[in-house]
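Now for the letters of each chain:
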Amino acid sequence: MLAEVFIFVPSIARFREDYLMARLERAQIASLALLATDGMIDDDLEYELLENAEVLNVVLRRDAVRQLILSTEGMPAISGSFDLRDAPAWALIRDATMRMLTPEDQTIRVIGEPVRDAGLLIEVTMETAPLRAAMIDYGARILLLSAVISIFTALLLFVSVRILMVNPIKRVVGSMMSYAEAPDDANRIIEPRGTVRELRNAEEALNAMQTQLTSLLRQRERLAQLGEAVAKISHDLRNMLSVATLVADRLESSQDPTVRRIAPKLINSLSRAINLTEATLAFGRAEEPAPKLDRVPLEPLVDDVLDNDNLAQGDGDVSYASEIARDMVVRADPEQLHRVLSNLVRNARQAIASTNMPGEVTIKGRAHEDGWCIEVCDTGPGLPQKAQETLFKPFSTTAKKGGTGLGLAICSEILRGHGGRLELLSTGPEGTTFVLFLPGGMAT
């Protein structure tokens, strides 16, 4: 509508100016015809000249004198005068608008310059009804032409939008619906083909999201299959460990001091292995079992973890140290906390062993207002940067050959079950330190 106003109004003003200029030219021709006969024409011919020029009278100033060349008897009163010589555009637009808005017929005077320097000026008097009728007719034709152009433009826009926007959007929606039916089918992932930059960006983002989702679904499917297989293995392994436990019980009656010293630890280890297989079976059905929280003396638990790992290393050069207060008691599940510390100590020992140099693993504990902190420190080579980025994600990283990438993920999940957390405190050439945060009050 704004474009129509900016086009229509100046067009009407220009048409009115051309209309009036044409009447001035006709009036000049009629006056020249009269001057050529020295005014010797009858009234009928004079009336015919005025009718052809569509004016009521003509005044021509050739020298310094204004001369009435043609006139009509009974001239009505003049309601306005308009000078077309150097008229500004805004004035032409204003006068044309007022003429369109004034329906009654009026008599106006129009002043202009004669063509071909045939005089100084020419004035005509005319009625406004034919002018307004011509302006309305011209405006109607302009509106009709504008409507035709608008319809044609709209059709072009419709076709363009249909081709460039609607069809690609329908293709994206169709691809999303097809992908939703089978998100694990990689063949249903959308291929970016949009020609409009914004649509192509949307298709590329959708392609990346679908690709990532399909990969995650496949990984979850493999994990589900792996969980089912592990559950079956754990079921059979539990039966085997039960038999081994019965055999280990017989070792306690041995008179060999070494056997009598090792037998309880073997029985405890077998018991933990049985508990672990049962927990694995539960994990295959749901999640890590909820911890059975109790007040646990930390020093004997840490000593047991370090003794078991020392036996596991055999003739290794790794030494162990415990900096735990004798009266320090934490609130935790003793079996799950034993698993976490055993995993971290084993990882630390294996990291030191990879350097073929002597080293030390130290477990420290301290209490604070919100709970307890347990640090597992080693003098190993530290973790690589790539391993640090996905440290607690399952199957994402492993710092040793043959590892599964599950140990730290399981430890982190166990600590979350306690309401705490597992964090990497520091790592580098001087060693690595993990810290366990357990919530609770101050130990008593």
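Residues numbered from 1 in each chain as written. Predicted model: local features only at pLDDT ≥ 70, side-chain atom pairs only at ≥ 80, totals over all residues. Heavy atoms only, no water.

Caption draft 1: Summary view of unusual backbone geometry. With phi around 60°, glutamate 54 is a residue other than glycine that occupies positive phi space. Here the phi dihedral of asparagine 356 falls at roughly 55°; this positive angle occurs in a residue that is not glycine. Turning to its location among the elements, asparagine 356 is positioned in the loop between α8 (334–353) and β9 (359–368). Look at asparagine 356 and you get exposed, because its relative accessible area is 70%. (Helix = DSSP H or I, 4+ residues; strand = E, 2+ residues; numbered from the N terminus. Buried < 20%, exposed > 50% of the residue type's maximum accessible area, 1.4 Å probe, protein only.)

Caption draft 2: Layout of a negative patch on the surface. A cluster of acidic side chains, namely Asp43, Asp44, Glu48, Glu51 and Glu73, defines a negative patch on the protein surface. You can see aspartate 44 is positioned in helix α2 (residues 43–53). (Patch = residues over 30% accessible without salt bridge, like charges linked within 9 Å, V, L, I, M, F, W, Y side chains within 5 Å. Areas by Shrake-Rupley, 256 points an atom, 1.4 Å probe, with all protein chains shown as cover. Salt bridge = Lys/Arg side-chain N within 4 Å of Asp/Glu carboxyl O. Lys, Arg positive; Asp, Glu negative; His and termini not counted. Charge placed at Lys NZ, Arg CZ, Asp CG, Glu CD.)

Caption draft 3: Here's a closer look at the packing of helix α7 (residues 298–313) against α8. In the contact formed by α7 and α8, the axes pass within 10 Å of each other and the chain directions differ by 40°. The angle between α7 and α8 places the two elements in the oblique class. Where α7 crosses over α8, the two elements pack in a sense that is right-handed. Of the residues in α8, those in contact with Leu298, Leu301, Val302, Asp304, Val305, Leu306, Asn308, Asp309, Ala312 and Gln313 of α7 are Pro334, Leu337, His338, Leu341, Ser342, Val345, Arg346 and Arg349. Of the residues in the contact of α7 with α8, the class split is 10 nonpolar, four polar and four charged. (Axes fitted to C-alpha atoms, helices over the stretch in contact; angles between N-to-C directions. Parallel < 35°, antiparallel > 145°, perpendicular 65-115°, else oblique. Left-handed = near helix turned anticlockwise from the far one by under 90°. Contact = heavy atoms within 4.5 Å. Nonpolar A, V, L, I, M, F, W, Y, C, P; charged D, E, K, R; others polar.)

Caption draft 4: Fine view of the packing of helix α3 (residues 89–101) against helix α4 (residues 129–181). Closest axis-to-axis distance for the α3/α4 pair is 10 Å, and the angle between their directions is 100°. Relative to α4, α3 is oriented roughly perpendicular. Contacts between α3 and α4 involve Ala96, Arg99 and Met100 on the former and, on the latter, Leu131, Arg132, Met135 and Ile136. Across the contact of α3 with α4, the residue classes tally to five nonpolar, no polar and two charged.

Taken by themselves, the reported measurements are silent on function.
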